[in-house]
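Examining the three-dimensional arrangement
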Amino acid sequence: MTSIINKPDQILYAENETPPLGITILLAVTHVALIFDAVVFIPNVLGKITGATPEQIRFSCFVTILVSALCTLIQVVKFKHLGTGFILFMGSYSAFLSCSIDAAKMGGLALVATMTVLSVPVVFLFAYFFRFFRHIVTPAVGGIVIILVAVNLIPIGLELWHGGNAQSTGFGSPANYMVGTITMGTLLALMIFGNRNIRLWTPLIGLGAGYLSASFFGLLDLHHFHASPLFGFPTIAWPGLVMDFQLSYLPLLAAFLMATLAGSIEGTGNIMLVQTVSRRDKKISYDRIQSGLYCDGLGKLLSGLGGGAPISTYCDNIPLIEMTGVASRAVGICGAVLLGLLAFIPKAGAIILDMPPPVIGGMLIAIAAMLFYSGIGLVIESGLNNQTGLMMGVSITVGMIAEAEIFFPDLMPSSLSPLLQNGVAMGGFTAFVLSALIRLAPRQKASFSIDAVPKALPELVLALGEVVAQLKLSESEIKRMELACEETFMHLISEIKEKDNTVLFKISRVEQGLFTEAIIGQCVSDIVNLTPPSNLMTASDESIQNLGMFLLSKIVRDIRHIQLSGVTYISFIA
């Protein structure tokens, strides 16, 4: 599998680089083509279930598209504490489908909007207190969620490959089989054998091959395209909000809150994933995760107030970045603008809606395969040990059991079935809980604070002496610990200008060794991926200073540098 996935150093255009205009537009079209049907799916379903008028359905779709486009733009561009700065699309979120249907049946689209707005604080609270979850929502948890998304995509992709649903004409026919096979086969062939230039066109060529083969086998039906106007602005049909909240709505609210928390955990995994495939150094910025979640909460708030469907981040199109090697923000900006224009150009959006199901199915199976690889990569980044392996195995098993919907269904509360039978939500919750239990497990630990000034270095040595006695370290552990903590301490205080600052050290014995974390209430320069000076005689003071931290990477493992809410966390295992 590694032969068909781009390595981090094979990124052709990183987030701050701009590809040619033609490539930018074509890749933006491909990204939007993959997610557009999902964006409008939930508002269309909700409108039909509630018996809403065509005007109400169209207005709900219009609001969902516009808010998704706006929040996608914010995610890509990043405005201060909002957005990730990477290609991260947003749209209506399937985890809300069942509880939104229940809300629509109870109180129409107005109750759906109300529940969406009431669930927003969960996202903001999760993002604000994310620093307390930094050792719980790890890349391993994010990777497990991505794997669960891939598992969830496979049956969806296979059903679409067969023809959409069992009631569809020609479901499971040889024609559907051939179209899906041609689509997926084209993608895989280009990823395996394509050179640098071919990779840029892989998604578009795959879609083109799918459309052409569907036309050849008589499966291309453009009824949405022919029935839609070229331009249009919907009639204002705002559903409003429910002001007379009733006690009977509480179980429904609980389902929305749980779906929102599940979406926040999945969103964390999505943001981790888009960073690892978009940056040459593969570094994960936790500040970007927090700001991306804030944008997620803003999207839910705007969509709820406007009368649209609940939205969240997407990962389905992120493998396109790996396929093409293009992570440029220009593609994301162009895609966000295009998505917004589709709200006013129904005929253009209708072409995407007319995409034959086998074409979508073939694409989704290829994307699921790449999501598996990316998810496993995130898990390995955290260090694959007994605890991580157990957490991954149990979480994926729970997710698959939930997705099967056959585990004692009669005993499950119907109000919670939208979540209890959602594989990503249940598997993600399981990974979160197991990660918390691993973190909270009883272990030998010690902590101490040192003033952030050079003259406090002897105090650090004395404090480490007490840790040695408390944790009963071996001679080799003592030497590594002293050297690593001294280098980390000097790096943290090298940029301190404010007075009355302290460095907090936390040391605990874990399965892999001694986990050490140094914390200071200020952002300092990154220590990950440092390189030594090529010539010590002519090296600058900054390069000499970095030499110590580079040597640190040779005596300890799993070095992490996290900046979150103005606080720096440097951790390693000695």
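As the structure is a computational prediction, the values presented were derived from the model and not from experiment.

Time to look at the environment of Ser449. Take Ser449: it is sitting in strand E3 (residues 445-451). When the C-alpha atoms of Ser449 and Leu460 are compared, they prove to be 8.5 Å apart, with 11 residues separating the residues in sequence. Apart from the residues within four sequence positions on either side, Ser449 is in contact with Val503 and Leu504.

Moving on: the side chain of Asn152. You can see Asn152 is positioned in helix H4 (residues 139-162). If we skip the residues at most four places from it in the chain, Asn152 touches Glu403 and Val424.

With that settled, the discussion passes to a nonpolar patch on the surface. Together, Val77, Phe79, Ile333, Val337 and Leu341 make up an exposed nonpolar region whose accessible area comes to about 390 Å². Take the nonpolar patch: its biggest share by element is three residues, from helix H11 (residues 329-342). In this structure, Phe79 sits in the loop between helix H2 (54-77) and strand E1 (90-92). Of the residues examined, Phe79 reaches a relative accessible area of 46% and is grouped as partly exposed.

In an α-helix there are 3.6 residues to a turn, and that puts residues three or four apart on one side. Taking 1.5 Å of rise per residue, the 15 residues of helix H17 (residues 457-471) would be expected to cover 21 Å, and the 21 Å separating its terminal C-alpha atoms lies within 8% of that figure. When H17 is considered as a whole, its buried residues turn out to be Leu460, Ala463, Leu464, Val467, Val468 and Leu471. Summarising the axial view, the buried residues of H17 lie within an arc of 155 degrees, below the 170-degree limit, and thus occupy one face. In H17, those exposed residues whose orientation departs by more than 90 degrees from the buried face are Pro458, Leu462, Glu466 and Ala469. Elements in contact with the buried residues of H17: E3, helix H18 (475-493), strand E4 (502-510) and strand E5 (513-520).

This model, assessed by the stated rule, comprises 11 aromatic pairs. Here the aromatic residues Phe126, Phe130, Phe133, Tyr286 and Phe432 are joined through ring pairs into a cluster of three or more. Taking the ring centre of Tyr128 as reference, the NZ or CZ of Arg131 above it sits at 5.5 Å.

Here we take up the packing of H2 against H11. In a pair of packed helices, the angle between the axes and the distance between the axes together describe the arrangement. Running from amino to carboxyl end, H2 crosses H11 at an angle of 165 degrees, the nearest separation of the two axes being 8 Å. Regarding the angle of H2 to H11, the classification is roughly antiparallel. In this structure, H2 meets H11 at a crossing whose hand is left-handed. Only Arg329, Gly332, Ile333, Ala336, Leu339 and Gly340 of H11 make contact with H2, whose side of the interface consists of Ile65, Leu66, Ser68, Ala69, Thr72, Leu73, Val76 and Val77.

Pairing is antiparallel across the open sheet formed by five strands, whose spatial order is E3-E4-E5-E7-E6. Sheet topology places E3 and strand E6 (557-564) at the edges, where each strand pairs with a single neighbour. Strand-to-strand, the axes of this sheet are offset by a mean angle of 15 degrees, without reference to chain direction. Packing against the sheet, H17 makes contact with E3, E4 and E5, and its axis sits at approximately 175 degrees to E3.

Thresholds applied
- Residues numbered from 1 in each chain as written.
- Predicted model: local features only at pLDDT ≥ 70, side-chain atom pairs only at ≥ 80, totals over all residues.
- Heavy atoms only, no water.
- Helix = DSSP H or I, 4+ residues; strand = E, 2+ residues; numbered from the N terminus.
- Contact = heavy atoms within 4.5 Å.
- Patch = residues over 30% accessible without salt bridge, like charges linked within 9 Å, V, L, I, M, F, W, Y side chains within 5 Å.
- Areas by Shrake-Rupley, 256 points an atom, 1.4 Å probe, with all protein chains shown as cover.
- Salt bridge = Lys/Arg side-chain N within 4 Å of Asp/Glu carboxyl O.
- Buried < 20%, exposed > 50% of the residue type's maximum accessible area, 1.4 Å probe, protein only.
- Expected span 1.5 Å × (residues − 1).
- Arc of directions from axis to C-beta.
- Phe/Tyr/Trp six-rings, centres within 6.5 Å; stacked < 30°, edge-to-face > 60°.
- Lys NZ or Arg CZ within 6 Å of the ring centre and 35° of its normal.
- Axes fitted to C-alpha atoms, helices over the stretch in contact; angles between N-to-C directions.
- Parallel < 35°, antiparallel > 145°, perpendicular 65-115°, else oblique.
- Left-handed = near helix turned anticlockwise from the far one by under 90°.
- Pairing = 2+ DSSP bridges.

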